[in-house]
Amino acid sequence: MQQVLDVLIISTKAFFGPLAVFYALMAIGLNVHFGYTGLLNFGQIGFAMLGGFGIAISVTTYGLPFAVGVLVGLLAAVLFALLLGLPTLRLRADYLAIVTIAAAEILRLLFRSVSATPITGATRGLSGFSGDFYALSPFETSARYTILGARWSGRELWVVSVGWTLVALGCLAVWLLMRSPWGRVIKAIREDEDAARSLGKNVYAYKMQSLILGGIFGALGGMIYALATSSANPDQYQSANTFLAYAALILGGTARVLGPVIGAMIFWFLLAFTESGLVELTGADGIIPPEILSSTDVAQIRFVLVGLGLMTLLIFRPQGIFGDRREVMLDAR
Amino acid sequence: MPAEFSMRTSPLRDVASQVGVAKPDPAIVVDDVTRTFGGLVAVQVEHLEFQRGCITGLIGPNGAGKTTLFNLLTGFDQANSGRWTFDGKPLAKLPPHRVARLGVVRTFQLTKALSRLSVLDNMMLGATGQRGESMWRALLPGMWRGQEREVEDRANELLERFKLDTKRADFAGTLSGGQRKLLEMARALMSQPKVVMLDEPMAGVNPALTQSLLEHVKDLREQGMTVVFVEHDMDVVRDISDWVVVMAAGKVIAESPPESISHNKEVVDAYLGAHHDAPLTVEEEDKVLAEAEAVIRAERAAQAEALDAAAREPL
């Protein structure tokens, strides 16, 4: 019984943890891109990396104040969006998809290259940039707090509070935008660009605005991730993260304000639940013998199980948790 | 009523039936427009004027370049050369949304209903100059709420006129083909256009709905709009247009009032092929007969030779 409780406590912590914030922010951005505008951005992790390294490079490499680092990160995301969007947004959706995934990888390889060592720290990455951020914390950073049975450090609590505040503000902004005439144009572009053009809407400009807005959410996510881990390493920003964020978005429901947030929370809850559950089951007094599943395989097998769960979801509830089935089925005609 | 309109009050009654003829008050003027796809000349129009406040039908066999001309005029395609103006303002090289903002709005051959938007949202999208369409102002609902209510009232009015008001809250993707055509036309009207260009508005619409669509098109003229439309159904063209322009192989081959268009030799040739009705002369008949006989003789000779060869072959 105690073991079941332990598993639940660990999973609940993951439900609210910094990784859930990171994915929620990335998925909010992807929701703006893909869910509302129909842009296939497969390079969201590139935006996140620019956010994280924006702070890290400004503070650690150049000794600038923390606030400047945040601005640099946001500005870098805007420039990255312009760089990606200018050549591709006039073309069909698939071109953006290819360019974004390539650009995110190029960026990562560039940051981890040996010649970039003086600036990015290459494969060792950068650290020691989060001091100013934690100095602002109202919680005692070294103290431990017990919430719902889970133990949180003051640092964790601070980064998570800031993170969820950002998520809440982001959701508010998306909600306000999507119920406005601007949101109507954005959704019209998702449905049919040419129809929007024939009604006098500058589709290119709207797509660019959407790409920038979603990219900023990605950068904010990357900042939270870098601050939570107190380090920025190019290899933390692998392309697989983009696809996990997509999974969270689809799980929650696309084109719904809360879809990406709830999706990310549930996604991390499930990952933590399967992992800690399997660890218990394969442990010394577990019921799964090591011949079937050894405890070293748990980290891999949890993704298999969560993947199976996602497939089941898409078969039985293709609209995600918040989606409208009728709306999804319109496409099938 | 339409016949009366075109016979008595049409500003085009004194215009001669010849290609490139000048109209009394043209809204759109096209000059030397060419568009080629590789070696194929899709559109090559030397001079064409569309009369303001009239319905002009654009007809022609498949591949005549009607839709390409539409795409060029509305900025959806780039011409290789040429000039065209609306109210004297040059339209060439303008992107589609700028053309639409000048008041030239089009519909599409394959209807573009925005499936996952409600019918009402489809309509409201059509209004131009909306303050809330700017990203920053969108965040402050006070800036656009008043205008939004006006737009919604106008949308509801149009939906009633097009008898779509009961579908207001439905996804546009649930509408039938004909209803989508109606929606697309109504949506185009939301921008209060000066010129409406309809690409095959009646295609795939059942006869009952065709009548109602026709009435709506005539309504546009009553409201002073200029209408240009592409259509295949000659009855429809005769019924509603004040002037007909015929295209074939990228060129304008005839233009005239609809009553006389079917007597035009160029037009009949374009649709049925040249010389389809010229009687054969005696010499021509003899020639055709001789050719046919020659073919038969050659075949027989070949057959006989084959048989001989088979007979000589040892068993």
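In the block above lies the structure referred to throughout.
Residues numbered from 1 in each chain as written. Chains lettered and ligands numbered in written order. Predicted model: local features only at pLDDT ≥ 70, side-chain atom pairs only at ≥ 80, totals over all residues. Heavy atoms only, no water.

S.K.: I tried to follow the interface of chain A and chain B on my own but got confused; where do I start?
M.R.: Interfaces are often described in size by the accessible area the parts lose on coming together. If you look at the interface, chain A gives 31 residues, while chain B gives 36 residues. Summed over both partners, the interface of chain A with chain B comes to about 3100 Å²; 64% of that surface belongs to carbon and sulfur atoms. Between the two partners, chain A and chain B, sit 11 residue pairs in polar contact (both at pLDDT 80 or more). Those elements giving two or more residues to the side of chain A that touches chain B turn out to be α8 (154-178), α9 (181-191), α10 (193-198), α11 (203-229) and α15 (325-329) of chain A. The dominant element in the side of chain A that touches chain B, judged by the number of residues it contributes, is α9 of chain A, at eight residues. Split into classes, the residues belonging to the side of chain A that touches chain B amount to 12 nonpolar, five polar and 14 charged. (Contact = heavy atoms within 4.5 Å. Buried area = accessible area lost by both parts, 1.4 Å probe. Polar contact = N/O pair within 3.5 Å; in protein donor to acceptor, adjacent residues only side chain to side chain. Helix = DSSP H or I, 4+ residues; strand = E, 2+ residues; numbered from the N terminus. Nonpolar A, V, L, I, M, F, W, Y, C, P; charged D, E, K, R; others polar.)

S.K.: Got a minute to help me understand the packing of α9 of chain A against α11 of chain A in this structure?
M.R.: Two quantities define a packed helix pair, namely the angle between the axes and the distance from one axis to the other. Residue and element names in this part refer to chain A. Contact pair α9 / α11: the axes reach a minimum separation of 10 Å and the direction vectors enclose 100°. By the criterion of interaxial angle, the relationship of α9 to α11 is roughly perpendicular. Taking contact as the criterion, the partners of Trp182, Val185, Ile186 and Ile189 in α9 are, on α11, Val203, Tyr206, Lys207, Gln209, Ser210 and Leu213. (Axes fitted to C-alpha atoms, helices over the stretch in contact; angles between N-to-C directions. Parallel < 35°, antiparallel > 145°, perpendicular 65-115°, else oblique.)

S.K.: When you look at the sheet that holds strand β8 (residues 226-230) of chain B in this model, what are you seeing that I'm missing?
M.R.: What holds strands together in a sheet is hydrogen bonding between their backbones, with the strands either parallel or antiparallel. Residues and elements named next belong to chain B. Taking strand neighbours across the sheet as the criterion, the six strands line up as β6-β7-β8-β3-β9-β10 in an open arrangement whose pairing is mixed. Where the open sheet ends on each side, the last strands, each with one partner, are β6 (104-106) and β10 (251-256). The average angle at which neighbouring strand axes cross in this sheet is 20°, direction not considered. Sitting on the sheet, helix α10 (residues 265-272) is in contact with β3 (55-59), β9 (243-248) and β10, with an inclination near 130° to β10. (Pairing = 2+ DSSP bridges.)

S.K.: Whenever I open this one, the sheet that holds strand β5 (residues 89-90) of chain B confuses me. Can you help?
M.R.: Residue and element names in this part refer to chain B. The strand order β2-β1-β4-β5 describes an open sheet built from four strands, whose pairing is antiparallel. The open sheet has two free edges, formed respectively by β2 (40-51) and β5, since each of these has just one partner strand. In the sheet, strand β1 (residues 26-37) pairs with β2 via 10 bridges, with the strands oriented antiparallel. For Val29, the partnering residue across the bridge sits in β2 and is Glu49. Sheet strands in contact with helix α2 (residues 66-73) are β1, β2 and β4 (81-86), and its direction is about 65° off that of β2.

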